[in-house]
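Chain residues, written in single-letter form:
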Amino acid sequence: MIKLTRMDEREFVLNADLIEEVQETPDTVITLTNGKKLLVKDSADDIINKVIVYRRKIVAGISRTGERS
């Protein structure tokens with residue numbers, strides 16, 4: 001899960017596994033696997049970095065315990 005900011009400054013949490021595509025047009029539009037589109041203030045690079053950190057935490061948790069935490 002990653003925390004993002006809507007255009008009206010409200011924060012929300014998104015399941016990163018649902019992201020299909022991120023575009024900057026110049027606003028950042030996230031397309032989800034179900035076709036829904038979200039407009040956010042975060043840049044594409046910020047979203048990529050948040051997803052990387054999220055996935056590293058998952059892998060680290062599996063590596064330490066040998067199973068999902």
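Our subject is the structure listed above.
The paragraphs below set out a description of the structure included in this document. Note that the coordinates shown come from a computational prediction; the quantities given were computed from them, not determined experimentally.

1. A short note on the side chain of Thr28
Moving on, step 1. Take Thr28: it is sitting in strand S4 (residues 28-32).
Moving on, step 2. According to the relative accessible area criterion, Thr28 is buried, its value standing at 4%.
Moving on, step 3. A distance of 2.7 Å separates the side chain of Thr28 from the backbone oxygen of Asp42, its partner in a polar contact.
Moving on, step 4. Not counting residues within four places of it along the chain, the set of residues in contact with Thr28 comprises Val22, Gln23, Leu38, Leu39, Val40, Asp42, Ser43, Ala44 and Ile47.

2. Observations concerning the sheet that holds S4
Moving on, step 1. The strand order across the open sheet formed by 3 strands is S3-S4-S5, and the pairing between neighbours is antiparallel. With one partner strand each, in any of the chains shown, strand S3 (19-24) and strand S5 (37-40) form the two edges of the open sheet. Recorded for the sheet is a direction-independent mean angle of 20° between the axes of neighbouring strands.
Moving on, step 2. As defined by bridge partners, S3 adjoins S4 across 5 bridges and the pair is classed as antiparallel. Within S4, the residue paired with Gln23 across the bridge is Val29.

3. Some points on the packing of aromatic side chains
Moving on, step 1. On inspection of all chains with the given rule, the structure shows 0 aromatic pairs.
Moving on, step 2. Over the face of the ring belonging to Phe12 we find Arg6, whose NZ or CZ atom lies 4.2 Å from the ring centre.

4. A few points about the pattern of salt bridges
Two side chains carrying opposite charge are able to pair once their charged atoms lie near each other.
Moving on, step 1. Taken as a whole and assessed by the stated rule, the structure comprises 5 salt bridges.
Moving on, step 2. Among the salt bridges present, the one from Asp8 reaches Arg10, with a minimum N-O distance of 2.8 Å.
Moving on, step 3. One salt bridge connects Lys50 with Asp42, and the closest N-O pair in it is separated by 3.0 Å.
Moving on, step 4. In this structure Lys50 comes out as partly exposed when scored by relative accessible area, which is 31%.

Conventions adopted
- Here the residue numbers are simple positions, counted from 1 along each chain's written sequence.
- Per-residue local features of the predicted model are confined to residues with pLDDT of at least 70, and side-chain atom pairs are confined, for both listing and counting, to 80 or more; whole-chain, interface and lining totals are unaffected and use all residues.
- Working from all heavy atoms in the structure, the side-chain values ignore hydrogens and water.
- Secondary structure elements are taken from DSSP: a helix is a run of H or I of four residues or more, a strand is a run of E of two residues or more, and numbering for both begins at the N terminus.
- Throughout this description, buried means an accessible area under 20% of the type-specific maximum (1.4 Å probe, protein chains only), exposed means over 50%, and partly exposed covers the range between.
- Counted as a polar contact is a pair of N or O atoms within 3.5 Å, where, for protein atoms, one must be capable of donating a hydrogen and the other of accepting one, and residues adjacent in sequence contribute only when both atoms are in side chains.
- Contacts between residues were defined by any pair of non-hydrogen atoms, one from each residue, lying within 4.5 Å.
- By this definition, two strands are paired if DSSP reports at least two bridges between them.
- Each axis is a line fitted through C-alpha atoms, taken for helices only over the stretch in contact, and angles between the N-to-C directions span 0 to 180 degrees.
- Stacked, tilted and edge-to-face are the three classes applied to pairs of Phe, Tyr and Trp rings, where Trp contributes its six-membered ring and a pair requires centres within 6.5 Å; stacked means planes under 30 degrees apart, edge-to-face means over 60, and tilted covers the rest.
- For a lysine, the NZ atom is tested; for an arginine, the CZ atom; a charge sits over a ring if that atom is within 6 Å of the ring centre and within 35 degrees of the ring normal.
- Any Lys or Arg side-chain nitrogen located within 4 Å of an Asp or Glu carboxyl oxygen qualifies as a salt bridge.

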